[in-house]
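Topology and contacts: notes
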Amino acid sequence: MKNKRIICGLLLLSTISCSLIAQGKKEYPYKDATKPVEERVNDLVSRMTLEEKVLQLNQYTLGRNDNVNNVGEAVKNIPAELGSVIYFNSDPEYRNALQRKAMEESRLGIPLIFGYDVIHGYRTTYPISLAQACSWNPQLVKRACGVAAQEARMSGVDWTFSPMIDVARDGRWGRVSEGYGEDPYTNALFGYVSVQGYQGNDMSNSKNVAACLKHYVGYGASEGGRDYVFTEISRQTLWDTYMLPYEAGVKGGAATLMSSFNDISGIPGTANHYILTDILKDRWGHDGFVVSDWGAIEQLRPQGVAADKKEAALIAFNAGVEMDMMNNSYNNHLAELVNEGKVSEERLNDAVKRVLRVKFRLGLFDNPYTPVSTEKERFLLPESLEIAEKLAEESMVLLKNDNKTLPLSNLSKIAVIGPMAKDKEHLLGSWAAHGNAKDVISIYEGLESEFKGKSELLYVKGCDFEGNDTSGFAEALATAQRADVILVCLGEKKGWSGENASRSTLALPQVQEQLVQELKKSGKPVVILLSSGRPLELNRLEPLADAMLEVWQPGIRGGNPIAGILSGKINPSGKLSITFPYSTGQIPIYYNQRQSARPHQGKYQDIPNTPLYEFAHGLSYTTFEYGDLKASSLKVKRSDKLVIEIPVTNTGDMDGAETVHWFISDPVCSISRPVKELKYFKKEMLKKGETKVFRFDIHFDRDFGFVNGDGERFLESGDYYIIVKDKKLKIELID
Ligand code: BGC
């Protein structure tokens, strides 16, 4: 209040004119919607006091945060000048009430930006991101993000803390579920399309939201799969593995980024000037803002680089973090740091401009309020549900199918056993936003409608997700003995993955494995359905199963496609976006490892060296035959165009979709490169008997080139290989 009066006094405005401005009169250029954003931003910043600027850089919560990792009380007295809130409610009117305070009670009428974790859907919950990548269908993922944006924006959310594009190669880390798997290109591509889906062409559209690339950067390298810990990442690996998705997302126009919790080889992500300023702002020219992760600024203290909160604020702000999430570091200390000359006016103004720029681009100054609508008008719309079902379908991966056990046909009795069979809650996955178990179609419900009138379902739970209670085994076995086939529905609870949800093993709890061993005694075919938020250790279950389908945490519409795949109405088409190790002891194991000095040696003595299921593994009910790779030329100059083609024929007796993954390898280079690197993929529907020619237009710099430890791109002459499945073609690049 004090500041407001001083400024109005300085401007020789009466109390009356102060309130006129606050009510949205267009005295100032920044209020004029016809002026360019940059002019409005500059005008507004020139009118702001130090305190007003500092408040723009803080985020509180509105409503209680019931995320177990970030419990925060509702802030009752949110200052009208605050920059942002995390909005846990879904009522537009509640948002509007607070926004009204910002617009009408702050001196300059600056709107709040309302953020929220809309990770795999808002109310219409989609499969977890790890699963989405297994669809290899970027257009579908983009549409899903579009729906999430529409539901969120209509509910009062302007900004999602998504996509997470942390390359993750350790399934013990619970957050592996939140990203797109182990491959840099896959994360880059799905991150890019998510940004397009959330932001559209125009963030001011009332159905789009601002995106946030997170967690910048290297969080997926968490040691031992433990959360929040130190990560050891060389500059080379930082650039060729972890930065690529961020570069793609920034080029795709992502409005914001979130700094990461992890310490990157001694310099925490939230204190890292090199990545936050030198690269992001100076080299890539990002003009939006960086928000800290929850409490990450103050955490610079336990991380050992700041003595107290004030020093943490100083380090984070000067490193390049513009907004303080839920930490009171900036609102308590930034003004003082500016007055002491430790933070420059220039840096402060730049930070405020970045936040305001995003607010202007979201149209918040011109349309600060969310039109009030009913839940029915914005949630679970028919098209949204259709996308949810299709994405769940395409993300499921048929891991094993011996002797054509699947699809099931002409069976009179199907035993449906296991803790996941009738469950709804856990199919949602972690970070399910406003997803609601009552909207979920369970596996059992899906089966009921699919097999109605065709087969009888015999249900028994058998056992719980964990614990030692095997008292249900006898009934389960008796039920299995009466059936023609046994569907065992196993998996993880939703809280077993996500944030702060590390596990020491990828194996399912013993009781679930024992259940399958017991059922195997029936001699009936065993089909295992797995719902999980991470790759699993399946080496003990695999020999017991005739078929295995990984359904992930498919969201609210998983039940129908699961049943459709089992009946054969749907031909499965998902392929793994992450390696399934043979055992947890193989971690880290991923397809794009660097080359070994002795590839023929260095094996484990007690287990195989190869994973149980490789990256890109996934079966279909039909068969695809790959012809030979054909290049437009085998010897090329840098200025040439190179096109590689491969014919693929559906040789089975069912229509099906196939994803062709295009890898390259560069066996001799001035740095040791991975054994192979994914550069492109394409999914196509092929009718039975149909042949389609898949084509890859190579860009030498992008596809053959590599980055060094400072992100500079090089292209060397020499031999390269194009790899598709077991086909390989040598290309010679000459100067
Ligand atoms: C998570 C972020 C999330 C934020 C806000 C943090 O604990 O690491 O991913 O966006 O909380 O909920």
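Residues numbered from 1 in each chain as written. Predicted model: local features only at pLDDT ≥ 70, side-chain atom pairs only at ≥ 80, totals over all residues. Heavy atoms only, no water.

Some remarks on the packing of aromatic side chains
The test is simple: Note on aromatic contacts: the rings of Phe and Tyr and the six-membered ring of Trp form a pair at centre separations within 6.5 Å, being stacked when their planes are under 30 degrees apart, edge-to-face when over 60 apart, and tilted otherwise. Each helix corresponds to a stretch of at least 4 residues labelled H or I by DSSP, and each strand to a stretch of at least 2 residues labelled E; elements are numbered beginning at the N terminus. Only protein chains enter the accessibility calculation, which uses a 1.4 Å probe. A residue is then buried if its area is under 20% of the maximum for its type, exposed if over 50%, and partly exposed in between. We count a charge as sitting over a ring when the NZ of a lysine or the CZ of an arginine lies within 6 Å of the ring centre and within 35 degrees of the ring normal.
In this structure the tally under the stated criterion is 34 aromatic pairs. Taking the centre distance of 6.4 Å and the plane angle of 80° together, the rings of Tyr30 and Phe365 count as edge-to-face. In this pair, Tyr30 is assigned in the loop between helix H2 (15-22) and helix H3 (37-47) and Phe365 in the loop between helix H13 (345-361) and helix H14 (375-378), connecting sequence segments 335 residues apart. What makes Tyr30 buried here is its relative accessible area of 1%. An aromatic cluster is built from Trp136, Tyr180, Tyr185, Phe190, Tyr591, Phe615, Phe663 and Phe681, whose rings are joined through pairwise contacts. The ring of Phe663 has Lys676 lying over it, and the distance from NZ or CZ to the ring centre is 4.1 Å.

A look at the confidence of the model for the protein
Spelled out, the test is: Values of pLDDT, ranging from 0 to 100, describe the predictor's confidence in every residue of the model. For this analysis, residues touch if any pair of their heavy atoms sits within 4.5 Å.
For the protein, the average pLDDT comes to 95, and 95% of its residues sit at 70 or higher. Across residues 1-25, where pLDDT falls below 50, the model places 27 contacts with residues more than four positions away in sequence or in other chains.

Quick notes on the domain arrangement of the protein
Our working definition: The split of the chain into domains comes from an automatic or database domain assignment. Joining two parts hides part of their accessible area as seen by a 1.4 Å probe, and the buried area is that hidden amount summed over both.
Taken domain by domain, the protein comprises domain 1 (389-586) and domain 2 (624-734). On a C-alpha basis, the centroid separation for the pair domain 1 and domain 2 is 35 Å. Residue-level contacts link six residues of domain 1 with nine residues of domain 2. For the pair domain 1 and domain 2, the two sides together bury roughly 570 Å², of which 46% comes from carbon and sulfur. Contact with domain 2 buries surface across domain 1, with Asn571, Ser573 and Lys575 losing the most and accounting together for 75% of the total.

A short note on the pattern of salt bridges
Operational definition: By definition, a salt bridge exists where a carboxyl oxygen of Asp or Glu is found within 4 Å of a side-chain nitrogen of Lys or Arg.
Overall, the coordinates contain 57 salt bridges when judged by the stated rule. Note that Asp439 is salt-bridged to Lys438, the shortest N-O span being 4.0 Å. Relative accessible area serves as the criterion here: at 12%, Asp439 is assigned to the buried category. A relative accessible area of 61% places Lys438 in the exposed class.

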